[in-house]
Amino acid sequence: MNAVHDPRSILITGSSSGIGRATAERFGARGWRVFASLRRPDAGAPLRELGARKGWRLTTPELDVTRDDSVAAAVAEVLRQTDGRLDVLVNNAGYYAYGPLEETSPDELRAQLETNVVGVHRVTRAVLPAMRARRAGTVVTLGSLSGRVALPMVGPYHASKWALEGMIEAWRLELHPFGVRMALIEPGPFATPLYANERIAAAADRAESPYADLLASYRREAARLGRAHDLTPLVDAIERAATAENPRLRWPVGPTSFSAGRLRPFVPDRLYEWIMRIAFRTRRPLPPDPSRTDASLRL
Ligand SMILES: NC(=O)c1ccc[n+]([C@@H]2O[C@H](COP(=O)([O-])OP(=O)(O)OC[C@H]3O[C@@H](n4cnc5c(N)ncnc54)[C@H](OP(=O)(O)O)[C@@H]3O)[C@@H](O)[C@H]2O)c1
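Cut-offs used in this document
Residues numbered from 1 in each chain as written. Predicted model: local features only at pLDDT ≥ 70, side-chain atom pairs only at ≥ 80, totals over all residues. Heavy atoms only, no water. Helix = DSSP H or I, 4+ residues; strand = E, 2+ residues; numbered from the N terminus. Rg over C-alpha atoms; globule rule 2.2 N^0.38 Å. Buried < 20%, exposed > 50% of the residue type's maximum accessible area, 1.4 Å probe, protein only. Contact = heavy atoms within 4.5 Å. Areas by Shrake-Rupley, 256 points an atom, 1.4 Å probe, with all protein chains shown as cover. Salt bridge = Lys/Arg side-chain N within 4 Å of Asp/Glu carboxyl O. Near = heavy atom within 4 Å. Polar contact = N/O pair within 3.5 Å; in protein donor to acceptor, adjacent residues only side chain to side chain. Nonpolar A, V, L, I, M, F, W, Y, C, P; charged D, E, K, R; others polar. Expected span 1.5 Å × (residues − 1). Phe/Tyr/Trp six-rings, centres within 6.5 Å; stacked < 30°, edge-to-face > 60°. Lys NZ or Arg CZ within 6 Å of the ring centre and 35° of its normal. Pairing = 2+ DSSP bridges. Axes fitted to C-alpha atoms, helices over the stretch in contact; angles between N-to-C directions. Parallel < 35°, antiparallel > 145°, perpendicular 65-115°, else oblique. Left-handed = near helix turned anticlockwise from the far one by under 90°.

S.K.: So what exactly am I meant to see when it comes to the overall build of the chain here?
M.R.: If you tally the helices and strands in the chain, you get 9 helices and 9 strands. For the chain, whose C-alpha radius of gyration is 21 Å, the value lies close to the compact-globule estimate of 19 Å for 299 residues. Dimensions along the principal axes, computed over C-alpha positions, put the chain at roughly 70 × 40 × 35 Å. Every one of the 299 residues in the chain was classed for burial, and the buried ones make up 48%. Contacts in the chain between residues at least 24 apart in sequence constitute 77% of all its contacts with a sequence separation of at least 6. Surface exposure of the chain reaches about 15000 Å², of which carbon and sulfur atoms provide 55%.

S.K.: What's the story with the pattern of salt bridges in this structure? I'm lost.
M.R.: Note that side chains of opposite charge can pair when their charged atoms are close. Counting across every chain of the model gives 24 salt bridges. Salt bridges linked by common partners bring Arg-148, Glu-165, Glu-169, Glu-186, Arg-250 and Arg-262 together as one network.

S.K.: Explanation requested: the site of the ligand in the structure shown.
M.R.: The full set close to the ligand counts 30 residues, and Ser-16, Ser-17, Ile-19, Tyr-157 and Thr-192 are the nearest of them. One nitrogen or oxygen atom from the side chain of Lys-161 is found 3.0 Å from an oxygen atom belonging to the ligand. Here an oxygen atom of the ligand and a backbone polar atom of Leu-194 are 3.3 Å apart. Coverage of the ligand by the protein chains reaches 96% of its 880 Å² of free accessible surface. Among the secondary structure elements, those contributing two or more residues to the shell around the ligand are α1 (18–29) and α5 (155–175). Split by residue class, the shell around the ligand holds 12 nonpolar, 14 polar and 4 charged.

S.K.: Sorry, what's going on with α1 here?
M.R.: Since the α-helix turns once every 3.6 residues, residues separated by three or four places project in the same direction. Here α1 contains 12 residues, and its C-alpha end-to-end distance of 17 Å stays within 8% of the 16 Å for a straight helix at 1.5 Å per residue. Count one or two residues on from α1 and you reach Gly-31, which has phi positive near 90°.

S.K.: Looking at this model, I keep getting lost on the packing of aromatic side chains. Mind explaining?
M.R.: To describe a pair of aromatic rings, you give the distance between the ring centres and the angle between the ring planes. Considering all chains together, one arrives at 5 aromatic pairs under this definition. Both rings, one in Phe-27 and one in Trp-32, keep their centres 4.8 Å apart while their planes meet at 80°; by these two values the pair is edge-to-face. Judged by centre distance (5.5 Å) and plane angle (65°), the rings of Tyr-96 and Tyr-195 are edge-to-face. One end of the pair, Tyr-96, is in the loop between β4 (88–91) and β5 (97–98); the other, Tyr-195, is in the loop between β7 (181–187) and β8 (199–200), and 99 residues separate them in sequence. Each of the two residues, Tyr-96 as well as Tyr-195, counts as buried. In textbook terms, an aromatic cluster arises when at least three aromatic residues are bridged by ring pairs, as seen for Tyr-96, Tyr-98, Tyr-157, Tyr-195 and Tyr-218. The residue whose ring lies beneath Arg-132 is Phe-178, and the NZ or CZ to ring-centre distance is 5.5 Å. Positioned over the ring face of Tyr-95 is Arg-199, at 3.5 Å from the centre of the ring.

S.K.: I keep staring at the sheet that holds strand β6 (residues 138–142) and nothing clicks. Help me out?
M.R.: What holds strands together in a sheet is hydrogen bonding between their backbones, with the strands either parallel or antiparallel. Sheet architecture is open: 7 strands sit in the order β3-β2-β1-β4-β6-β7-β9, paired in parallel fashion. Two strands bound the open sheet, and with one partner strand each, they are β3 (57–59) and β9 (250–253). Taken pair by pair, the neighbouring strands of this sheet meet at an average axis angle of 15°, ignoring direction. Relative to β3, strand β2 (residues 33–36) runs parallel, the two sharing 3 bridges. Bridge pairing in β3 links Phe-35 to Thr-59.

S.K.: When you look at the environment of Gly-155 in this model, what are you seeing that I'm missing?
M.R.: You can see Gly-155 is positioned in helix α5. What Gly-155 contacts, discounting residues up to four positions off in sequence, is Gly-99 and Leu-101.

S.K.: Teacher, can you tell me more about the packing of α1 against helix α7 (residues 232–243) here?
M.R.: Running from N to C, α1 and α7 cross one another at 60°; their axes reach a closest spacing of 10 Å. The orientation of α1 with respect to α7, classified from their angle, is oblique. For the element pair α1 and α7, the recorded crossing hand is right-handed. On the side of α1, the interface is formed by Ile-19, Ala-22, Thr-23, Arg-26 and Phe-27, while α7 contributes Thr-232, Leu-234, Val-235, Asp-236, Ile-238, Glu-239 and Ala-242. A per-class count over the contact of α1 with α7 returns 7 nonpolar, 2 polar and 3 charged.

S.K.: Any chance you could explain the packing of α1 against helix α2 (residues 45–54) here in plain terms?
M.R.: Between two packed helices, both the angle of their axes relative to each other and the distance between the axes serve to describe the pair. At a minimum axis distance of 11 Å, the contact between α1 and α2 shows a crossing angle of 15°. In terms of axis orientation, α1 runs roughly parallel to α2. You can see that α1 and α2 cross each other, and the crossing is right-handed. When α1 is examined against α2, the residues Arg-21, Ala-24 and Glu-25 are found in contact with a partner set consisting of Pro-46, Leu-47 and Leu-50.

Now the structure itself:
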């Protein structure tokens, strides 16, 4: 049981698992009032039980970042319960869509952007009037190393995380005069359910895909990639960004986040592409096949 309750409040999206859940636990333990939102209320049962056991002030409101009505209702209720005072929003909800871009349908790409980008925009817009009115508040968004370094087969997810880089950089400048802070967390790979829940483009999930070899290379490389199991440094970064008086814009954290994310701008594109072609075994273009007209074979 916490003896001292912090007067501050935090709304987190996507708290059913992984980073969102770990963030909810951290702020619950700190004595904050935590709105650990999720889109499926039943998925919040373990967190609710833990919070009740520990004496945390933690609730799990329903919030689907892709639905206007859900976001409006959840944020209105949070603001009602906090008398209009929400200190921190953590835009965490997201999923990992991958597959060759040619085989990604516009609907699949749209769905990825709807959750990972428009969802951030939708929830942030909903909380901003209250934060601007108080000239206070911090919005922390989960970007990614995938917003700074690109791999083949990860185009849909990259598109969403690169979009966040530009959106948050611009938004932070717009909010500065109002005393509202923004920060972008850029994690490298952490072992969370993100990867078990990943969604491959439906058209790519077949042996006869022209990209089958590249997809196999991607899967091999992804399996070799070291994922951090301890979320502590990541949650530390979120907490520091959420509570700093003047947080910086970008917070790289976790495996290769600093090295790859920070060094990539200094590596010439041709050199980067050469390294990627070696890693993904696409060094030589495939020879033209006169018996087929499938342009997608010319990788
Ligand atoms: N793990 C990594 O390596 C890594 C690296 C860089 C960035 N990130 C980012 O960190 C964030 C959290 O990911 P994670 O690793 O913790 O994965 P996770 O455990 O799969 O968590 C994702 C959360 O987002 C929720 N979500 C998905 N769509 C939603 C929607 N429409 N409305 C509300 N919630 C929704 C999921 O809810 P359901 O349970 O209902 O699906 C889940 O709670 C994501 O934005 C991800 O891109 C993760």
